[in-house]
Amino acid sequence: SVSEPAPAPLNDTEFERLVSLAQVPYNPFQEDENLTRILQRPELDTDQRLRVLGMRAAVRSTTASNLIGAIADYEQMVRIAPSYHRLAKVAADEKAYSETQKSYIDRRIAAGPSPNPTQYFSDLMQLGRHAEAASFAKASMIDLSANQAEKLTKAGFLCEGPGYTGRSYRWGGGAGG
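Within any chain, residue numbers begin from 1 and follow the written order of that chain's sequence. Two thresholds apply to this predicted model, a pLDDT of at least 70 for residue-level local features and 80 or more for giving and counting side-chain atom pairs, whereas whole-chain, interface and lining totals are computed over all residues. The side-chain figures draw on all heavy atoms in the structure; neither hydrogens nor water molecules are used.

**Quick notes on the overall build of the protein**
Argument step 1. Helix and strand definitions here come from DSSP, where helices need a minimum of 4 consecutive H or I residues and strands a minimum of 2 consecutive E residues; each element is numbered from the N-terminal end. Secondary structure assignment for the protein yields eight helices and two strands.
Argument step 2. For every residue, the accessible area obtained with a 1.4 Å probe (protein chains only) is divided by the maximum for its type, and the residue is called buried under 20%, exposed over 50%, and partly exposed between those limits. Considering the protein as a whole, with its 177 residues, one finds that 37% of them fall into the buried category.
Argument step 3. A contact between two residues is defined here by any heavy atoms of the two lying within 4.5 Å. For the protein, the share of sequence-separated contacts (at least 6 apart) that also reach a separation of at least 24 residues comes to 48%.
Argument step 4. Shrake-Rupley sampling with a 1.4 Å probe provides the accessible areas, and residues are treated as covered by the protein chains on show and by no other component. For the protein, the accessible area works out to roughly 10,000 Å², and carbon and sulfur atoms hold 53% of it.

Given below as structure tokens:
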């Protein structure tokens, strides 16, 4: 059988254009999806792949609330980066830091939602367990801050509707989301 030749690598201009288009300043969940789509491209060279993984890990470990996903990205970076690559040590250090943060969060989650169900919700979100966090928030009827409601909305788990005031979200607001 004849194998397909490997696709030509992306040139720097095209790569920079793709990365620029992937950035979504006020929706880190969309940015995560866009960066994931770039990572599916077979024509990325190792440096480009490492850079996109690093960008996605940074988004995931901060504004996109997906520490588990960030750790997986850092692990992949450590696996594929040549030891001399400038991102190899950065990825190893960020992975270690993220794993430490995750261990603190895991301990709080293991203790359960009492006495602070809002912290429990936030911890689930930070790990990237968004569906579980949304289900918990709804079942517990906790009032969400504007930031929490916005994150759930952008993650696709909450619709702006009667319970969403822009400052907070109160469950049971009627039809909507």
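There is more to say, and it comes next.
**Brief notes about the nonpolar core**
Argument step 1. Among the nonpolar cores identified, the biggest contains 20 residues, and F15, I38, L44, V52, Y74 and M77 are the most heavily contacted of them.
Argument step 2. In this structure, L44 is in contact with L10, F15, I38, L39 and R49, ignoring residues within four places of it in sequence.
Argument step 3. Joining through side-chain atoms within 4.5 Å is the link that ties buried Ala, Val, Leu, Ile, Met, Phe, Trp, Tyr and Cys residues into a set, and such a set is a nonpolar core. Among the nonpolar cores identified, the runner-up in size contains 18 residues, and A133, A137, I142 and L158 belong to it.

**Re the packing of helix α5 (residues 86–110) against helix α6 (residues 117–127)**
Argument step 1. The geometry of α5 relative to α6 is characterised by a closest axis approach of 10 Å and an angle of 140° between their N-to-C directions. By the angle between their directions, the pair α5 and α6 is classed as oblique. Helix-helix and strand crossings are classified by hand; for α5 and α6 the assignment is left-handed. In this structure, α5 uses K102, I105, D106, R108 and I109 to contact α6, whose residues at the interface are Q119, Y120, D123, L124, Q126 and L127.
Argument step 2. When residues are grouped by polarity, Ala, Val, Leu, Ile, Met, Phe, Trp, Tyr, Cys and Pro land in nonpolar, Asp, Glu, Lys and Arg in charged, and all others, Gly among them, in polar. For the contact of α5 with α6, the class distribution of residues is five nonpolar, two polar and four charged. Lines fitted to C-alpha atoms define the axes, with helix axes restricted to the stretch in contact, and inter-axis angles between N-to-C directions lie between 0 and 180 degrees. In this scheme, roughly parallel covers angles under 35 degrees and roughly antiparallel covers those over 145, while 65 to 115 is roughly perpendicular and the rest are oblique. Note on convention: near helix rotated counterclockwise from far helix by under a right angle means a left-handed crossing. Clockwise means right-handed.

**Let's talk about the pattern of salt bridges**
Argument step 1. Should a side-chain nitrogen of Lys or Arg be within 4 Å of a carboxyl oxygen of Asp or Glu, the pair is scored as a salt bridge. All told, the structure shown has 14 salt bridges when counted by the stated rule.
Argument step 2. Between E14 and R17 there is a salt bridge, and its shortest N-O distance comes to 2.9 Å. Of this pair, E14 and R17 both sit in helix α1 (residues 12–22), three residues apart, roughly one helical turn.
Argument step 3. With a relative accessible area of 24%, E14 lands in the partly exposed category.
Argument step 4. In this structure, D93 engages K89 in a salt bridge whose closest nitrogen and oxygen atoms are separated by 2.8 Å. Residue D93 and its partner K89 are both found in helix α5; the two are separated by four residues, about one turn of the helix.

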